[in-house]
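Coordinates in review
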Amino acid sequence: MGVLRERPSKLGGGQSRCLYCGLPADRVLTLEQDWVLLEPDMAPLAHTVPAEHRWIELSDGRVTVYGVCPPDPFQRCRIEHRLGCSAQQLPDLWPWLTTLRAENERRVEREQDPEPPRPPELWPDAG
């Protein structure tokens, strides 16, 4: 066996277009011999991504979920394209995040409502 001088190929992966938004995503083989679409050119620090959404690249080009908690502070990972896809609903990563997103949606609706009536110019004498 010789020394590998270049990065291994992605085992026939390459890029595919997302069926929902049409953007390109990296199609990568997993350890389980399934395919996953990963966000291209994005490798956040692993500790910033929930454990079940961290994908690490192995030396042969395949990826696997990296559920080690806490991860090495300098470990980089990949994320699935569906997390960044604007045409798909974001999964429930944390219950408080879902609640926050719902509250923010209500705030947007309130801000888009017409302006409430202005108070009268003169306030009644209260004493």
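Structure shown above.
What you see is a predicted model; the values in this text were computed from it and never measured.

**A word on the pattern of salt bridges**
This model, assessed by the stated rule, comprises five salt bridges. Between Arg-106 and Glu-103 there is a salt bridge, with the nearest N and O atoms lying 3.0 Å from each other. You can see Arg-106 and its partner Glu-103 sitting in helix α2 (residues 95–112), three residues apart, about one turn around the helix. You can call Glu-103 partly exposed: its relative accessible area is 28%. Taken together, the shared-partner salt bridges in this structure form one network comprising Asp-26, Glu-57 and Arg-78.

**Re the packing of aromatic side chains**
Each aromatic ring pair is described using two quantities: the centre-to-centre distance and the angle formed by the ring planes. Counting across every chain of the model gives zero aromatic pairs. Taking NZ or CZ as reference, Arg-27 lies 4.0 Å from the ring centre of Trp-35, over its face.

**Some points on the environment of Val-49**
Structurally, Val-49 is set in the loop between β3 (35–38) and β4 (55–57). Val-49 gets classed as buried once you look at its relative accessible area, which sits at 9%. Considering only alpha carbons, one finds Val-49 and Cys-77, 28 residues apart in sequence, at a separation of 8.3 Å.

**Things to note about the nonpolar core**
Among the nonpolar cores identified, the biggest contains eight residues, and these are Ala-46, Val-49, Ile-56, Tyr-66, Cys-77, Ile-79, Leu-83 and Leu-93. Residues contacting Val-49, with those up to four places away along its chain left out, are Pro-44, Arg-54, Cys-77 and Ile-79. Among the nonpolar cores identified, the runner-up in size contains five residues, and Val-28, Val-36, Trp-55 and Val-63 belong to it.

**Details of the side chain of Arg-54**
Assignment of secondary structure puts Arg-54 in the loop between β3 and β4. Buried Arg-54, no salt bridge; nearest opposite-charge side chain is Glu-52, N-O distance 7.4 Å. A polar contact of 2.7 Å, which involves the side chain of Arg-54, links it to the backbone oxygen of Ala-46. Within the structure, Arg-54 has its side chain in polar contact with the backbone oxygen of Val-49 (distance 2.9 Å).

**Overview of the pairing of β3**
Here β3 shows one buried face, formed by Val-36 and Leu-38, and one open face, formed by Trp-35 and Leu-37. In this sheet, β3 lies alongside strand β2 (residues 24–29) in antiparallel orientation, the contact comprising four bridges. Paired with Leu-29 across the strands is Trp-35, a residue of β3. As consecutive antiparallel partners, β2 and β3 are separated by five residues, and within that stretch Gln-33 has a phi angle of approximately 65 degrees, a positive value.

**Describing the pairing of β2**
In the sheet, strand β1 (residues 15–17) pairs with β2 via three bridges, with the strands oriented antiparallel. Following the sheet pairing, Gln-15 is matched in β2 by Asp-26. Hairpin connection between β1 and β2: a loop of six residues separates the two successive antiparallel strands, and Gly-22 in this loop has a positive phi of roughly 85 degrees.

**Here we look at the environment of Arg-54**
According to the relative accessible area criterion, Arg-54 is buried, its value standing at 4%. Sequence separation between Arg-54 and Thr-64 is 10 residues, and the spatial gap between their C-alpha atoms is 8.1 Å.

**Topic: the sheet that holds β2**
Taken in spatial order, the three strands of this open sheet run β1-β2-β3, and their pairing is antiparallel. A single partner strand is all that each edge strand has here, and the edge strands are β1 and β3. The sheet shows a mean angle of 45 degrees between the axes of neighbouring strands, direction not considered.

Rules behind the numbers
Residues numbered from 1 in each chain as written. Predicted model: local features only at pLDDT ≥ 70, side-chain atom pairs only at ≥ 80, totals over all residues. Heavy atoms only, no water. Salt bridge = Lys/Arg side-chain N within 4 Å of Asp/Glu carboxyl O. Helix = DSSP H or I, 4+ residues; strand = E, 2+ residues; numbered from the N terminus. Buried < 20%, exposed > 50% of the residue type's maximum accessible area, 1.4 Å probe, protein only. Phe/Tyr/Trp six-rings, centres within 6.5 Å; stacked < 30°, edge-to-face > 60°. Lys NZ or Arg CZ within 6 Å of the ring centre and 35° of its normal. Core = buried A, V, L, I, M, F, W, Y, C linked by side-chain atoms within 4.5 Å. Contact = heavy atoms within 4.5 Å. Lys, Arg positive; Asp, Glu negative; His and termini not counted. Polar contact = N/O pair within 3.5 Å; in protein donor to acceptor, adjacent residues only side chain to side chain. Pairing = 2+ DSSP bridges. Axes fitted to C-alpha atoms, helices over the stretch in contact; angles between N-to-C directions.

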